[in-house]
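Here's the letter readout for the chains.
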Amino acid sequence: MLRPRLPDVPTLPTTTVTPQQTQAPAYFAGRTVAPYVGAGIGAVAAVVVVGIVLTALLAAVAISAVSVAVAAVVLRSLLSSANKR
């Protein structure tokens, strides 16, 4: 009594359609694209790794330069104060 009634699902007529080929199939050379994609991914990975390494080296050189400059300023001030005494 309180249950909703669902409408019947109409069945679609089934017709078989055969696809017709309008173009000639392309010539297949027998080579796959997978090796080239793998080489491309490898090249991108190598570039990323080289970039990371070069950035780390640049940061190390910059930190070393700053520490040498600070040490030079400290030594200069120590030597100049020793000469004034």
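As shown above, the structure is provided for reference.
Peer 1: Explanation requested: the overall build of the chain in the structure shown.
Peer 2: Summing up its helical and strand segments, the chain has one helix and zero strands in all. Only carbon and sulfur atoms are counted for the fraction: they give 71% of the accessible area of the chain, which is about 8700 Å².

Peer 1: Sorry, what's going on with a nonpolar patch on the surface here?
Peer 2: A contiguous nonpolar surface patch, about 450 Å² in accessible area, is contributed by V49, V50, V53, L54 and L57. Relative to the helices and strands, V50 is located in helix α1 (residues 34-84). Residue V50 is classed as partly exposed on the basis of its relative accessible area of 47%.

Cut-offs and rules
- Throughout this description, residue numbers start from 1 for each chain and increase along the sequence as written.
- Predicted model: local features are reported for residues with pLDDT of at least 70 only, side-chain atom pairs are reported and counted for 80 or more only, and whole-chain, interface and lining totals are derived from all residues.
- Side-chain metrics in this entry use all non-hydrogen atoms of the structure; hydrogen atoms and water are not considered.
- Runs of H or I in DSSP of at least four residues are treated as helices and runs of E of at least two as strands, each being numbered from the N terminus.
- Reported accessibility uses the Shrake-Rupley method at a 1.4 Å probe radius. Residues are deemed covered only where the shown protein chains occlude them.
- A patch consists of residues whose relative accessible area exceeds 30% and which take part in no salt bridge; residues with like charges are grouped when within 9 Å of each other, and nonpolar side chains (Val, Leu, Ile, Met, Phe, Trp, Tyr) when within 5 Å.
- Salt bridge, as used here: a side-chain nitrogen of Lys or Arg that lies within 4 Å of a carboxyl oxygen of Asp or Glu.
- Only protein chains enter the accessibility calculation, which uses a 1.4 Å probe. A residue is then buried if its area is under 20% of the maximum for its type, exposed if over 50%, and partly exposed in between.

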